[in-house]
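# Remarks on the overall topology
One letter stands for each residue in the lines below.
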Amino acid sequence: MIFKLVYGEPDVISEAVISEKKIVVLEPNEKGLYKIEGIFEDKSLIINNNEDEIILKRKINGKKAFGFGDKVGPFNRWGKKYVFWNTDNFIHHPNSDPLYKSFPFFIVVGDNIKYGIFIDYPGYLEIDLDSYGIREMEIKIRGKGFVQYVITGTKLKEILSQYLYLTGKNVAFPKWAFGYQQSRWSYFTEKEVLEVAKKFRTKKIPCDVIWLDIDYMDQYKVFTWDKNRFKNYSKMLEKLHKDGFKVSAIIDPGVKVEEGYEVFEEGKNRYFLKDNEGKDFEGAVWPGRVRFPDFKERKVRRWWGKKVRKMYEEGIDGFWNDMNEISIFATEKDIKEAQNLVKDLKLEEGINLAIKAGVIGEIGRRGRGEEIVHLDGTKHYKVKNTYGLNMLRASYEGLEKNKRKLLITRSAYSGVQRYGGVWTGDNHSWWEHIYLEMSRLMSLGLVGVFYNGCDVGGFGGDVTAELLVRFMQFGSFIPMFRNHSAIGTRKQEPWMFGRKYEKILKQIIEYRYKLIPYIYTEYMFGILKNIPLLTPMFFHFEKDEKTFSIDDQFMFGRSVIVAPVYKPGQESRMVYLPKRSLDLNKLEFLKKGWHEVEAPLSKIPHFLVDGSMLPMQEVMSYVDERVSDITVIVSAYNDRAIGYYYEDDGQTNNYKKGMYNLYKIVYDSGKVSVIKIRENYLHAKRTWNLKIYTRTGLKELQVEI
Ligand code: GLC
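Bear in mind that the values here come from a model prediction, so they are computed numbers and not experimental data. (Residues numbered from 1 in each chain as written. Predicted model: local features only at pLDDT ≥ 70, side-chain atom pairs only at ≥ 80, totals over all residues. Heavy atoms only, no water.)

## Comments concerning empty space enclosed by the protein
For the coordinates displayed, the defined rule picks out 1 cavity of 30 Å³ or more. The computed volume of the largest cavity comes to approximately 40 Å³. Lining of the largest cavity is provided by Glu-522, Phe-525, Gly-526, Ile-531, Pro-532, Leu-533, His-540, Gly-557 and Arg-558. Of the residues in the lining of the largest cavity, the class split is 4 nonpolar, 3 polar and 2 charged. (1 Å grid on protein atoms, 1.4 Å probe; cavity = no way out; pocket = protein on both sides within 12 Å on 5 of 7 lines; lining within 4 Å. Points joined across faces, edges and corners; volume = space filled by probe spheres on them. Nonpolar A, V, L, I, M, F, W, Y, C, P; charged D, E, K, R; others polar.)

As C-alpha cells, then:
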C-alpha cells in the first residue's frame, strides 16, 4: 500500500514520481499533521514562509533504517542526521555529508513492522533519524511544501517494488556492461588509448570497455575532440571496436564561454541557467568560464540529446555524466569577494576565503542555488537535486530507444534508474573505502538503482599492490566493474605491479567473465522482477535477524554471498551464513552460522547458497566474443537444487516484448529437468555440464539445451 501525505504547499514538480494510480491520498488534521496507526504520529509542523522553510517533527519508533543511496556513515541509517543537497564532495570521510546524490527514501525495520518513507523534495532537505535517541524524527526543507509517500508491505521486496512502481522501473544495461572496464584520468592521446587496449589483448586479460576522461576534449569543451592528441579518433574508435572494445566518454555540463564555439553559440541566451538579473549564469569549472544548460527544459534536453546522439553515431558507446551536482569551482562573485577579503585578512575571513575559493569544494556553499534561476523562473535551490537526473535524461532521450546503452551519472535523485545507473564518485585508494563502498552499493540497491559501481582500486591516492588485489576482488562482484584512478596518482591497470600481481589480477578478471551467465541472469531477472543485483543479505533472508547487523558481506544475485577482505595483511575472516552454503573456493559445505574462513591473497571468500545453482561459461576476451558451453555449479547438499538461466540478445529492449529465454533447472536425486518458462529467443544448441555437489560427493550430468 502506498499512502500520499502532503505538507505545506509544494510549488515544485517532482521528477521522481511517474505513477500515482493506486495511491491512497490521506487527509491531514486541521494542523496539517498526520497519524498512521502503528507507524508514526506527527507532532508539529512549523511553516516559516519568510524564510521559505518547513520543519516537521514526528514521533517514531525503531532502531533500524536502511536506504538513502550512497551516503557515508553506518549502513544502518538510524540515529543520524542527513543532508540532501547534491554536492561535489570528493573526500569521503565518515562524516562527509552531503555527497553527490539525493535519494530521500529509506526503509524502517521494526520488531513487527517494515515500511518505507520517501520524502519527495528536490531542493534542500534534511532528515534527522532520531539523532538524539528520543524517538523523534525531524524533516526540514527550504521551500513551501513537500510530499511524503509511506509504503507498507510485509516483505522488503514488496516495499522496494512499490517504490519502483512510484518512481519507475530500471532501464536495462547492455550485456557487455558487465564485462571488465578500464579507465584513468586520463589516457591523454589516442596512441595511449590504443596501447592500453592492446595490452589487454596481448596479455589476454579480458576487457570490454575503455573510458575516455576529460582530456579527449579540446580544452575541455564538451562535444569536441582534441585535434592534436586525438587527430584520428574515428580510426581509433574503429580499431577498438574491431578488437571487441566499447568506448565510453565523459561529458560535463559546463559549456565553455568562447565566441565561435558552436555549443556555446547555440546555447547562449537560450538554453542556459540564468542569474538573478536574467543574464546567463556563469561559473568556472575545468574549461574556465562556463554556462550550464537548463536540463529541466524539454527543449534543452532535446538540443543536448542530439549532440550526444551525434557522438554515439561517431562510435561512442557509453556516456559518463560528471560534475552535475552542479559542481562549480567558483563564480566571479566568489572571486571578487575573496579579493576583498585578502586585503585585510582576519581568521574568520580566512575560513570564508577557503570556502569561497573552492578549497573545500561545494561543501560550504549552502547558498549556491540562490543565485541561479531556471528558464521557467524556478529558483535553483528548490530543484538542485534533480539537475544530474535531468542531464542523464537528456542523453537517454536523445539516443535510439531500442538499443541499450551504458549511461551513468555522478549526481542523481530518486527515479534516476529510469535513465541509467550511477557510480559513487571520487573515493580513495584506502582500505576503509572497500568497506565503505559495500554499504554504499548495498544502499543504492535499496533505493532502486540496480546498475551501480565505484572506482575500483580507488580514485584518489596511491594504491598498493595488495589493496588493488582486494579492491579488484570486491569489484568483480559488483554490477559495474570499472577500475578508475585520478591524475597524479599511481597507475593501477592490472599489469602495473609486476608479474606476481598481474597473474592474480588476471585471474580475478577471468573469473568475472566465467560468472557472466549467472550475473546476467540475475541482473535481467531483477530487471523483470524489481530485485537489485547487489543487495544486503537481509534482502533475501529477512527472517534471519542476524543478517540486519551485517554490513561487510553482501549478496550478488540471489544465490552468491560475498565476503571481501578489506584489511591489509588479513588472510582469513569471519563470515556469517544465513543458510548452509557451498564455499566456492574450497568446494566444501559450511553450515548456517559464523565461520572463520581462509582468504589468502588470491582468494575472496564467496559462497553458493545451498539449493541453488551457478551457471558459468568459459573465459572470453570480451563478453560478446562467442557462444560458450555452460557449466553449472550445483549446491545440493540434500541432492536437490533449483537454478535459473536467462538469455537474450543483450543489446536491445526486445526483452520487453518477451523475446528472451528463461529456464528453470530443477535437480532432484540424480535427475535434472529443464522447465522452459519462456523460450522466445533463438540460440545455438549447446551442452550444459552440471557439477553437482552433494553431501555424499560430486556428481556430474549433462543436458542439451
Ligand atoms: C571528477 C570525477 C572523476 C573524473 C574527474 C576528471 O572528479 O568524479 O571520475 O575522473 O572529475 O574528469
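## What to know about the sheet that holds strand β1 (residues 2–8)
Strand order in the open sheet formed by 6 strands is β2-β1-β13-β10-β9-β6, and the pairing between neighbours is mixed. Bordering the open sheet on either side are β2 (23–25) and β6 (65–67), each of which pairs with just one other strand. Each adjacent strand pair in this sheet contributes to an overall mean axis angle of 25°, direction not counted. Bridge analysis of strand β10 (residues 114–120) against strand β13 (residues 145–152) gives 6 bridges, and the strand direction is antiparallel. Along β13, the bridge assignment pairs Tyr-115 with Thr-152. Taken strand by strand, helix α1 (residues 156–167) contacts β1, β2, β9 (105–109), β10 and β13, and its axis lies near 145° from that of β13. (Pairing = 2+ DSSP bridges. Helix = DSSP H or I, 4+ residues; strand = E, 2+ residues; numbered from the N terminus. Axes fitted to C-alpha atoms, helices over the stretch in contact; angles between N-to-C directions. Contact = heavy atoms within 4.5 Å.)

## Observations concerning the site of the ligand
Taken together, the residues surrounding the ligand are Trp-185, Asp-213, Ile-214, Ile-250, Trp-286, Trp-320, Asp-322, Arg-410, Trp-423, Asp-426, Phe-459 and His-484. Side-chain polar atom of Asp-426 to an oxygen atom of the ligand: 2.5 Å apart, as the coordinates give it. Take His-484: an N or O atom from its side chain is 2.9 Å from an oxygen atom of the ligand. Tallied by class, residues from the shell around the ligand come to 7 nonpolar, 1 polar and 4 charged. (Near = heavy atom within 4 Å. Polar contact = N/O pair within 3.5 Å; in protein donor to acceptor, adjacent residues only side chain to side chain.)

## Focus: the sheet that holds strand β38 (residues 671–679)
Read across the sheet, 3 strands follow the order β36-β37-β38 without closing on themselves; strand pairing throughout is antiparallel. Here the strands that pair on one side only, and so sit at the sheet edges, are β36 (640–647) and β38. For this sheet, the mean inter-axis angle between neighbouring strands, taken without regard to orientation, is 15°. In this fold helix α12 (residues 516–529) packs onto β36 and β37 (661–668), with an angle of close to 80° to the strand it touches most, β36.

## Observations regarding the layout of surface pockets
The volume enclosed by the largest pocket comes to roughly 540 Å³. Residue lining of the largest pocket: 22 residues in total, with Tyr-511, Lys-514, Leu-584, Asn-585 and His-606 positioned closest to the centre. If one sorts the elements of the lining of the largest pocket by residue count, helix α11 (residues 498–514) sits on top with 5 residues.

## Some thoughts on the pairing of strand β33 (residues 606–609)
Here β33 shows a buried face lined by His-606 and Leu-608 and a second buried face lined by Phe-607 and Val-609. Bridge count between strand β28 (residues 560–562) and β33: 3 bridges; the pairing is antiparallel. Considered in β33, the bridge of Val-560 is made with Leu-608. Pairing between strand β30 (residues 581–583) and β33: 3 bridges, direction antiparallel. Within the sheet, the bridge partner assigned to Ser-581 lies in β33 and is Val-609. (Buried < 20%, exposed > 50% of the residue type's maximum accessible area, 1.4 Å probe, protein only.)

## Things to note about the side chain of Thr-424
As for its placement among the helices and strands, Thr-424 is situated in the loop between β23 (421–423) and α9 (431–446). In contact with Thr-424, not counting residues within four places along its chain, are Asp-70, His-92, Tyr-100, Lys-101, Glu-437, Arg-440, Leu-441, Leu-444, Gly-453 and Cys-454.

## Quick look at the pattern of salt bridges
Scanning all chains against the criterion turns up 55 salt bridges. The salt bridge involving Asp-376 is made with Lys-296; its shortest N-O contact spans 3.0 Å. Taken together, the positions of Asp-376 in the loop between α7 (347–356) and α8 (387–398) and Lys-296 in the loop between β19 (288–291) and α5 (298–314) put the pair 80 residues apart, joining distant regions of the chain. Overall, Lys-296 belongs to the partly exposed group, its relative accessible area being 23%. Across the pair Lys-676 and Glu-679 runs a salt bridge, and its minimum N-O distance is 3.8 Å. Exposure remark for Glu-679: the relative accessible area of 40% places this residue in the partly exposed category. The network of salt bridges with common partners includes Lys-274, Asp-280, Glu-282, Arg-289, Arg-291 and Glu-332. (Salt bridge = Lys/Arg side-chain N within 4 Å of Asp/Glu carboxyl O.)

## Observations concerning the packing of helix α2 (residues 190–202) against helix α3 (residues 233–242)
Direction vectors running N to C along α2 and α3 enclose 5°, while the axes themselves pass 10 Å from each other. It follows from the interaxial angle that α2 and α3 lie roughly parallel. Note on element contacts: α3 touches α2 through Tyr-233, Met-236, Lys-239 and Leu-240, opposite Glu-190, Val-193, Leu-194 and Ala-197. For the contact of α2 with α3, a count of residues per class yields 6 nonpolar, no polar and 2 charged. (Parallel < 35°, antiparallel > 145°, perpendicular 65-115°, else oblique.)

## A word on the nonpolar core
Note that soluble globular proteins tend to have their nonpolar side chains buried in a common cluster. With 165 residues, the main nonpolar core has Leu-212, Tyr-216, Ile-251 and Trp-304 as its most contacted residues. The greatest single-element share of this core, amounting to 8 residues, is contributed by α12. Non-local contacts of Ile-251, meaning those with residues more than four positions away in its chain, are made with Tyr-216, Val-222, Phe-223, Trp-304, Val-308, Met-311, Phe-319, Trp-320, Asn-321, Asp-322, Met-391 and Ser-395. Among the nonpolar cores identified, the runner-up in size contains 33 residues, and Val-12, Ile-127, Ile-141 and Val-150 belong to it. (Core = buried A, V, L, I, M, F, W, Y, C linked by side-chain atoms within 4.5 Å.)

## What about the packing of aromatic side chains?
Going through the model one piece at a time under the given rule, you end up with 50 aromatic pairs. A connected cluster of aromatic rings, assembled from ring pairs, spans Phe-223, Phe-264, Tyr-271, Phe-272, Phe-295, Trp-303, Trp-304 and Tyr-387. Sitting over the face of the ring of Tyr-396, Lys-401 holds its NZ or CZ atom 5.0 Å from the ring centroid. Here the basic side chain of Arg-482 rests over the ring of Trp-423, its NZ or CZ set 5.6 Å away from the ring centre. (Phe/Tyr/Trp six-rings, centres within 6.5 Å; stacked < 30°, edge-to-face > 60°. Lys NZ or Arg CZ within 6 Å of the ring centre and 35° of its normal.)

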